[in-house]
Each structure stands twice: as C-alpha cells, then as structure tokens.
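Structural overview for review
Chain by chain, the residues run as shown.
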Amino acid sequence: AQSVAQPEDQVNVAEGNPLTVKCTYSVSGNPYLFWYVQYPNRGLQFLLKYITGDNLVKGSYGFEAEFNKSQTSFHLKKPSALVSDSALYFCAVRETGANNLFFGTGTRLTVIP
Amino acid sequence: DTEVTQTPKHLVMGMTNKKSLKCEQHMGHRAMYWYKQKAKKPPELMFVYSYEKLSINESVPSRFSPECPNSSLLNLHLHALQPEDSALYLCASSQQLAGFTGELFFGEGSRLTVL
C-alpha cells in the first residue's frame, strides 16, 4: 500500500529565508513523487515531479525537491521565500502501474513579510 | 489553452434536489478525474474516465453519478445528497492513463453546500 506523510501541518518562514516543506513516503517498487500547490479558493497546481534520474528536481516558481531513497523522503525547498509562496502544499505519490495519485495531508506555508 | 473550467463555482442545494457539476478542458487530454476535498484535507479520488469510459470508481455512493459525454466534458450528477457531502469538488485532467506521468491539471473547483 502507498502512503505519504507530511509531518508539519503549518510552516512559518520569514520572507527571504530558505524554506523546507517535508514529505516522506512508503510505496511498493520505485516511487513516482510529486509536489502540488493550492492557493486559496483555487485548484491544485503541479510544481514538480521525480520519476527517475537526478535526485535534485527543479520545478516551477523557483522550487526544488530532493529525493532521498535511504530516508524515503522528498522534501520541497526554495532558497529564498516570497510572501506570494504562502499556500497549501501537497506531496503526492504514484505507485508503479497505478493510474492515480495519493496525496498527503498538506502543509500550510506562511511567509511572513 | 491550459485551463480546466468548472461550473458552477458555488452551489447550494437541499437534500432532495438534483443538480450537476460541469467540467471542461480543451487540452486534448484523454483522462479526466473527479476529486472531493473537505476543508483542511487532501483531495480524495472519486472517479476516473479514460477515453470517455469509466476507469476507476473509488466506491463512491450512487447519489453521485459521473458522466463523460465527450473527450472534453465531464459531469457529476448529484441527487439526494447528505450534508456531509458538502465539500470542494475538483475536476482534473491528464494526457492519458496509459503511461500516466502524474501531472494533473486541476480546475478551481465547485464548492458544494448541502442543506
């Protein structure tokens, strides 16, 4: 069975500081991992994905994520946070052969001016 | 055009009403999805259509009835709903199911309130 854990419901960071939103996963076989962002009253937007290859994945809006197989983690990072990054962030996983995503519980990021 | 359009944005209905949610995409995607999202919770998959045929039904109650009239449209028909069905209903699309890459394109959602 697949599962995704986002251990922090809320992350606060000062504008200009680096940010990290944590995600750990459990899947059978090789994981397909994703980050999505949801702004207030909006649908989810795809940020980035890891399927294979380089462990550091770069995505939209300056975000990146690092795949760590030994720690079964896929943390989302950004070197310098913007107030406009404040949103709800979802980590998601797809098992090999599956046709849908399983989402984590979400982490609300607040960037303080 | 990279948008998924959902209507209506807000819907209030009584438990005896019949209503429908609509979703449209013009990206040529052949897979379309309905998700349900409760407040402060992740989206939960309800249905998946692939090439206009129902591919996945996540044991959703029959008071929710999906329909895919063509490759661009996806409807969710609602009848005899319960107050606990109040939620944000999200439509999404992807290029196809075979070789699904995991990149979903979501609409802004229809916020449903059942009185």
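This text gives an overview of the structure that appears in the document.

Cut-offs applied
- Residues numbered from 1 in each chain as written.
- Chains lettered and ligands numbered in written order.
- Predicted model: local features only at pLDDT ≥ 70, side-chain atom pairs only at ≥ 80, totals over all residues.
- Heavy atoms only, no water.
- Helix = DSSP H or I, 4+ residues; strand = E, 2+ residues; numbered from the N terminus.
- Rg over C-alpha atoms; globule rule 2.2 N^0.38 Å.
- Buried < 20%, exposed > 50% of the residue type's maximum accessible area, 1.4 Å probe, protein only.
- Contact = heavy atoms within 4.5 Å.
- Lys, Arg positive; Asp, Glu negative; His and termini not counted.
- Charge placed at Lys NZ, Arg CZ, Asp CG, Glu CD.
- Pairing = 2+ DSSP bridges.
- Axes fitted to C-alpha atoms, helices over the stretch in contact; angles between N-to-C directions.
- Polar contact = N/O pair within 3.5 Å; in protein donor to acceptor, adjacent residues only side chain to side chain.
- Buried area = accessible area lost by both parts, 1.4 Å probe.
- Salt bridge = Lys/Arg side-chain N within 4 Å of Asp/Glu carboxyl O.

Some remarks on the overall build of chain B
What chain B contains, in helices and strands, is zero helices and 11 strands. Relative to the 2.2 N^0.38 estimate, which gives 13 Å for 115 residues, the radius of gyration of chain B is 13 Å and therefore close to what a compact globule would have. In terms of overall dimensions, chain B has a C-alpha envelope of 40 × 25 × 25 Å along the principal axes. Across the 115 residues in chain B, those meeting the buried criterion constitute 48%. Partitioning the contacts of chain B with sequence separation of at least 6, the portion at a separation of at least 24 is 55%. Where the 12 positive side-chain charges of chain B centre and where its 11 negative ones centre are 8 Å apart.

Let's talk about the overall build of chain A
Helix and strand content of chain A: zero helices and 12 strands. The secondary structure elements of chain A, listed N-terminal to C-terminal, are β-β-β-β-β-β-β-β-β-β-β-β. Since a compact globule built from 113 residues should have a radius of gyration of about 13 Å, the 13 Å found for chain A is in line with a globular shape. A principal-axis box enclosing the C-alpha atoms of chain A has dimensions of 40 × 30 × 20 Å.

Concerning the pairing of strand 7 (residues 64-70) of chain B
A regular strand places its side chains so that they alternate between the two faces of the sheet. Where strand 7 of chain B lies against strand 8 (residues 73-79) of chain B, five bridges are found, and the strand directions are antiparallel. Residue pairing in the sheet places Ser65 of chain B in a bridge with His77 of chain B of strand 8 of chain B.

Examining the sheet that holds strand 8 of chain B
Residues and elements named next belong to chain B. Here four strands make up an open sheet; going across it, the order is 1-3-8-7 and the pairing antiparallel. Two strands close off the open sheet at either side, each with one partner strand: strand 1 (4-7) and strand 7. For this sheet, the mean angle separating the axes of adjacent strands, direction not counted, is 20 degrees. Where strand 1 lies against strand 3 (residues 18-25), four bridges are found, and the strand directions are antiparallel. Bridge pairing in strand 3 places Gln6 opposite Cys23.

Description of the pairing of strand 6 (residues 53-57) of chain B
Residues and elements named next belong to chain B. Alignment of strand 5 (residues 44-50) against strand 6, held across four bridges, turns out to be antiparallel. Within strand 6, the position partnered with Val48 by the bridge is Ile56. Counting the residues that bridge the hairpin from strand 5 to strand 6 gives two residues, and of these Tyr51 lies at a positive phi of roughly 50 degrees.

So, the side chain of Thr107 of chain A
Residue and element names in this part refer to chain A. The residue Thr107 is located in strand 12 (residues 107-112) in this model. By relative accessible area, which is 0% here, Thr107 ends up buried. Within the structure, Thr107 has its side chain in polar contact with the side chain of Gln6 (distance 3.1 Å). Apart from the residues lying within four places of it in its own chain, the contact partners of Thr107 are Gln6, Glu8, Asp9, Gln10, Val11, Val21, Ala87, Leu88 and Tyr89.

Some points on unusual backbone geometry
Residues other than glycine predominantly adopt negative phi, and peptide bonds predominantly adopt the trans conformation. Residue and element names in this part refer to chain B. Residues Thr7 and Pro8 are joined by a peptide bond in cis, for which omega reads -10 degrees. Residue Ala80 is not a glycine yet carries a positive backbone phi of 55 degrees. By relative accessible area, which is 32% here, Ala80 ends up partly exposed.

Description of the interface of chain A and chain B
Listed by partner, the interface residues are 19 residues for chain A and 21 residues for chain B. At the boundary of chain A with chain B, total buried surface from both sides reaches about 1,600 Å², with 56% on carbon and sulfur atoms. Ranking the residues of chain A by area buried against chain B places Leu44, Asn99 and Phe103 of chain A at the top, with a combined share of 31%. Linking chain A with chain B are one salt bridge, by the criterion used here.

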